[in-house]
Amino acid sequence: MSKAKKKPQPHFYTGEPKPDTEEETEDIYNSKEREEMLDDDEITAAEEGFMKGREDEPPSKKLTRKNAVSHDDSVSVELAKEDSEDD
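About the thresholds
- Residues numbered from 1 in each chain as written.
- Predicted model: local features only at pLDDT ≥ 70, side-chain atom pairs only at ≥ 80, totals over all residues.
- Heavy atoms only, no water.
- Helix = DSSP H or I, 4+ residues; strand = E, 2+ residues; numbered from the N terminus.
- Buried < 20%, exposed > 50% of the residue type's maximum accessible area, 1.4 Å probe, protein only.
- Areas by Shrake-Rupley, 256 points an atom, 1.4 Å probe, with all protein chains shown as cover.
- Contact = heavy atoms within 4.5 Å.
- Patch = residues over 30% accessible without salt bridge, like charges linked within 9 Å, V, L, I, M, F, W, Y side chains within 5 Å.
- Salt bridge = Lys/Arg side-chain N within 4 Å of Asp/Glu carboxyl O.
- Lys, Arg positive; Asp, Glu negative; His and termini not counted.
- Charge placed at Lys NZ, Arg CZ, Asp CG, Glu CD.
- Polar contact = N/O pair within 3.5 Å; in protein donor to acceptor, adjacent residues only side chain to side chain.

(A) Expanded view of the overall build of the protein. Within the protein one finds four helices and zero strands. Secondary structure elements in the protein, listed N-terminal to C-terminal, are α-α-α-α. When burial is assessed residue by residue, the protein has 6% of its 87 residues classed as buried. For the protein, the accessible area works out to roughly 9,200 Å², and carbon and sulfur atoms hold 51% of it.

Here is the structure:
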């Protein structure tokens with residue numbers, strides 16, 4: 001005869017439950033944390049925009065290529081012509 005091992009009884013916590021508390025995060029890229037830092041003047045609007053841009057998905061390669069093909073430098077060309085004529 002082999003002796004079967006008994007399974008240990010599960011442990012039940014009978015104390016008081018912990019209150020639901022929000023943990024503060026040090027993640028400056030967290031949107032809530034970022035807004036608080038902006039309100040407290042800990043970061044500038046430019047820094048906030050940079051961090052927000054980090055969250056956004058980059059555009060697809062197909063869209064980037066499409067925009068590059070349809071890119072028009074006509075304004076910069078006109079300004080360069082005006083500058084060369086002034087000299």
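The discussion continues.
(B) Focus on the side chain of glutamate 48. Structurally, glutamate 48 can be placed in helix α2 (residues 45–55). Note on glutamate 48: relative accessible area 17%, which makes it buried. Once residues lying within four places of it in the same chain are set aside, the contact partners of glutamate 48 are Arg34, Leu38 and Ile43.

(C) How the structure looks around a negative patch on the surface. A contiguous patch of negative charge, built from Glu35, Glu36, Asp39, Asp40, Asp41 and Glu42, is present on the exposed surface. You can see glutamate 35 is positioned in helix α1 (residues 31–39). Judged by relative accessible area, which is 49%, glutamate 35 ranks as partly exposed.

(D) Spatial organisation of the side chain of arginine 34. Among the secondary structure elements, arginine 34 is positioned in helix α1. A polar atom in the side chain of arginine 34 sits 3.4 Å from the side chain of glutamate 48.

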